[in-house]
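Close look at the chain arrangement
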Amino acid sequence: MSKPTSPIDYGAYPDARGHFGEFGGRFVSETLISALDELQEMYQRLKNDPEFQAAFDYDLAHYVGRPSPLYLAERLTAEAGGAKIWLKREDLNHTGAHKVNNTVGQALLAKHSGKRRVIAETGAGQHGVATATVAARLGLKCAVYMGAEDVKRQSPNVYRMKLLGAEVIPVESGSKTLKDAMNEAMRDWVTNVDDTFYIIGTVAGPHPYPQLVRDFNSVIGREARRQSLEQFGQLPDALVACVGGGSNAIGLFHPFLSDESVKMYGVEAGGDGVETGRHAAPLNDGVPGILHGNRTYLMEDDDGQIIETHSVSAGLDYPGVGPEHAWLRDIGRVEYVAANDDEALNAFRTLTRAEGIIPALESSHAVAYGLKLAATMRPDQNIVVNLSGRGDKDIFTVAAIDGIEV
Amino acid sequence: MTEEQNRIDRRFAKLRSEGRKALVTYIVAGDGGLENTVDLMHQLVASGSDLIELGVPFSDPMAEGPVIQKGHERALEHKSSLRKCLALVKEFRGKDADTPVILMGYANPIEKMGAEAFADGLKEAGADGALTVDLPAEEAGPLNELLNARNLRNIFLLTPTTSDQRIAQITELASGFVYYVSLKGVTGAGHLDLDSVRENLARIRRHTDLPLCVGFGIKDGASAKAVSADGDGAVVGSVLVSAVGESADGAAAKDRVGALVSEMRTVLDS
């Protein structure tokens, strides 16, 4: 937990074997190693290839609609009564969330690999939709694994994926949520490894996934850094983003890691409250362990069995977290906090009424902490909150909590 | 690898001298009730099993097909755990000093217990080695040293997708025997390709003298005999776990599993 004395070269992580300090790595069965080696080799080659980067930038600009605005939320700022709150509007991307940054990138890799079928796991359905979208665009076959519980919670996204031509496979094993969907996607990949490209949706999984998903999402932070300098003439004092697996958070944080003055807060799902044990906040209340191909903080019992998580937001309902976050926590560069279900729901309503922006329940966790943090800061300071997705998909969940049938 | 022999080495040496193939059997510890597992292990031996792979249940068994997943879920409902697996092996050793037993499972329960405590626990219980599905050669170094230091064997998986370079790297670390996964897929899958098994066993044989056992997709005596023709043995799991799952009680499970293993033994020795 000690802070390093000399500056860290954050770009040098992960190491060649995928390690961020003691975290990350490659903990999968032997069958997948050759596919991971192949992916790593291809990615190392393409990430420095100007043609590949140009194709990625083109898709981000013309298909996703980037850059996304950095928006000064004046009424939200007034509500908090402190630092200025700027929203990084990832909700305005095509498909409605940051997830598409990564699927556009991985689709380009899939195209280069020559594989004609893509698979994905999804929790809230945003990554599933973003994968089905790029698969439709490239004419690839697509199967999306989704926990049976989440299929119920997120029916609009299930229908969207089907419209886009994807097969949605409900997963009935285990807790029937995101972690089980990921197990099932891995099993599919092991079986169909010759013709299938696995598009992982977050900065977890075996190396090189945490690295490449981070790299594709880092466009968020690169833009936010440039926009901050342009729009308020300095770097932000703090960044806030929600953390489930952690792809939107690492995307925002990574380009700022060497800017020592910028404080960073990752907001996990506090569920009923971290003290109740009913939450999805492994960085607040978990221990290091091994799941889904990497070593990271996990929610588990005394025998090392993964335990069920609780969150009003399906996209944060995951017992692990990306290994780079585990490392950033331990070296003290990022502070990981939690927002409870009711705090997130309040923030959902506050932002909707104050700014006319309906946020995803996942992003509402970041808004909730952003409001709290802003109140402790001065009006001449600036906070960037990552509005990672829009909340249309969540209106049924919120209506049900309010006892309203939509 | 240490020079001293352990039960696994002795068993394979004996089988080789007799010109017989090994029948390796897998069940999940605690599946069908913790109180019935040791009886079931003795039944496996009585029916002709040479080596027992005792499955350590895990909440997220990524490499397993639906049959063994359900076995893990049932075992966890019976409150099975790595700690209890070790106690079961110790109890088994009370009446069987010869049959090798390895623990097959996933990395996280070991990570939770601590690799050194795990290695000590294996030794103390009278187990002979471990196979950790999601601990590939790159990450296996520390556990490997702890096992070697206790004269315990570390069993590795090789697959149709493993390159020659990796076979060399893995067989350097491997001890006891090598487990060749006959197909691309999860346990219990059904698309066994005997030509591919033969080619790959020959490829592996160029790198190691360790016994080669073939698993995944073995359903009966005929398939066990076919895959072990060019190797040293066959591993059978899903059909046994399925039989345990379908049995009403411990006695029924013993009967069904016993009958399946006897049939395989008979065909394998024919």
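Points about the overall build of chain A
A count of helical and extended segments in chain A gives 16 helices and 15 strands. If one aligns the C-alpha atoms of chain A with their principal axes, the spans along those axes are about 55 × 55 × 50 Å. Buried residues in chain A amount to 61% of all 406 residues. Put simply, of all contacts in chain A between residues at least 6 apart along the chain, 75% involve residues at least 24 apart.

Some thoughts on helix H10 (residues 221-228) of chain B
All names here are of chain B. All of the buried residues in H10 are Gly 221, Ser 223, Ala 224, Val 227 and Ser 228. End-on view of H10: buried residues confined to an arc of 170 degrees, all on one side of the axis. On its buried face, H10 is in contact with strand E1 (22-28), helix H9 (194-205), strand E8 (212-215), strand E9 (233-236) and helix H12 (250-269).

Description of the environment of Ile 358 of chain A
Residue and element names in this part refer to chain A. Turning to its location among the elements, Ile 358 is positioned in the loop between helix H14 (341-355) and helix H15 (361-375). What makes Ile 358 partly exposed here is the crowd of 19 C-beta atoms within 10 Å. With 177 residues separating them in the primary sequence, Ile 358 and Ala 181 have C-alpha atoms 27 Å apart. Apart from the residues within four sequence positions on either side, Ile 358 is in contact with Thr 352, Arg 390, Gly 391 and Asp 392.

Looking at the domain arrangement of chain A
Residues and elements named next belong to chain A. Examined at the domain level, chain A breaks down into domain 1 (13-61 + 99-213) and domain 2 (65-97 + 218-401). In this assembly, 39 residues from domain 1 lie in contact with 38 residues from domain 2. Breaking the side of domain 1 that touches domain 2 down by element, the ones donating at least two residues are strand E2 (23-27), helix H2 (50-64), helix H4 (99-113), helix H5 (126-138), helix H6 (148-153), helix H7 (155-163), helix H8 (178-191) and helix H9 (209-217). Of the residues forming the side of domain 1 that touches domain 2, the biggest block, 5 residues, is contributed by E2. Residues of the side of domain 1 that touches domain 2, tallied by class, amount to 18 nonpolar, 15 polar and 6 charged.

Comments concerning the sheet that holds strand E12 (residues 287-291) of chain A
Residues and elements named next belong to chain A. Reading across from one edge, E1-E2-E13-E12 is the order of the 4 strands in this open sheet, with antiparallel pairing throughout. Of all the strands in the sheet, the pair left with one neighbour each is strand E1 (19-20) and E12. Pairing geometry for E2 and strand E13 (residues 293-298), over 2 bridges, is antiparallel. In the strand pairing of E13, Phe 27 is matched with Gly 293.

Describing the pairing of E2 of chain A
Residues and elements named next belong to chain A. Where burial is concerned, most of E2 is hidden: 5 out of the 5 residues are buried. Sheet topology places E1 next to E2; 2 bridges connect them, and they run antiparallel. Across the sheet, the residue bridging to His 19 is Gly 24, located in E2. The hairpin formed by E1 and E2 contains 2 residues between the paired strands, and Gly 21 there has a positive phi angle of roughly 60 degrees.

Observations concerning helix H2 (residues 34-46) of chain B
All names here are of chain B. Along H2, the residues that are buried comprise Asn 36, Thr 37, Val 38, Leu 40, Met 41, Gln 43 and Leu 44. Contacts made by the buried residues of H2 are with E1, strand E2 (51-55), helix H4 (82-93) and H12. Phi for Gly 48, located one or two positions after H2, is positive at around 120 degrees.

Things to note about the interface of chain B and chain A
The partner chain A presents 27 residues to the 33 residues of chain B that form the contact. Broken down by secondary-structure element, the contributors of at least two residues to the side of chain B that touches chain A are helix H3 (66-77), H4, helix H5 (107-113), helix H7 (137-149) and strand E6 (156-158) of chain B. Top element by residues in the side of chain B that touches chain A is H5 of chain B. It accounts for 5 residues. Of the residues that constitute the side of chain B that touches chain A, the class distribution is 15 nonpolar, 9 polar and 9 charged.

Structural notes on the packing of helix H6 (residues 115-125) of chain B against H7 of chain B
Geometry of a packed helix pair, given as the angle between the helix axes and the separation of the axes. All names here are of chain B. Two numbers describe how H6 lies on H7: the axes approach to 9 Å, and their chain directions differ by 30 degrees. Considering the angle they form, H6 stands roughly parallel to H7. Crossing of H6 over H7 shows right-handed handedness. Together, Ala 115, Glu 116 and Ala 119 of H6 and Pro 142, Leu 143, Leu 146 and Leu 147 of H7 make up the contact between the two elements. Here the residues of the contact of H6 with H7 are counted per class, giving 6 nonpolar, no polar and 1 charged.

Comments concerning unusual backbone geometry
Cis geometry marks the peptide bond from Arg 66 of chain A to Pro 67 of chain A; its omega dihedral reads 0 degrees. Within the element layout of this structure, Pro 67 of chain A appears in the loop between H2 and strand E3 (70-72). Between His 207 of chain A and the following residue, Pro 208 of chain A, the backbone shows a cis peptide bond with an omega angle of 10 degrees. Its place among the elements puts Pro 208 of chain A in the loop between strand E8 (196-198) and H9. Unlike most non-glycine residues, Lys 176 of chain A shows phi in positive territory, near 60 degrees. In this fold, Lys 176 of chain A is placed in the loop between strand E7 (167-171) and H8. Accessibility expressed as a C-beta count within 10 Å gives 19 for Lys 176 of chain A, which makes it partly exposed. Within the chain, Asn 151 of chain B stands out as a residue other than glycine whose phi angle is a positive 60 degrees. Of note, Asn 151 of chain B is situated in the loop between H7 and strand E5 (153-154).

Criteria and thresholds
- Residues numbered from 1 in each chain as written.
- Chains lettered and ligands numbered in written order.
- Predicted model: local features only at pLDDT ≥ 70, side-chain atom pairs only at ≥ 80, totals over all residues.
- Helix = DSSP H or I, 4+ residues; strand = E, 2+ residues; numbered from the N terminus.
- Buried ≥ 20, exposed ≤ 12 C-beta atoms within 10 Å, placed from the backbone.
- Contact = placed C-beta atoms within 7 Å.
- Arc of directions from axis to C-beta.
- Domains from an automatic or database assignment.
- Nonpolar A, V, L, I, M, F, W, Y, C, P; charged D, E, K, R; others polar.
- Pairing = 2+ DSSP bridges.
- Axes fitted to C-alpha atoms, helices over the stretch in contact; angles between N-to-C directions.
- Parallel < 35°, antiparallel > 145°, perpendicular 65-115°, else oblique.
- Left-handed = near helix turned anticlockwise from the far one by under 90°.

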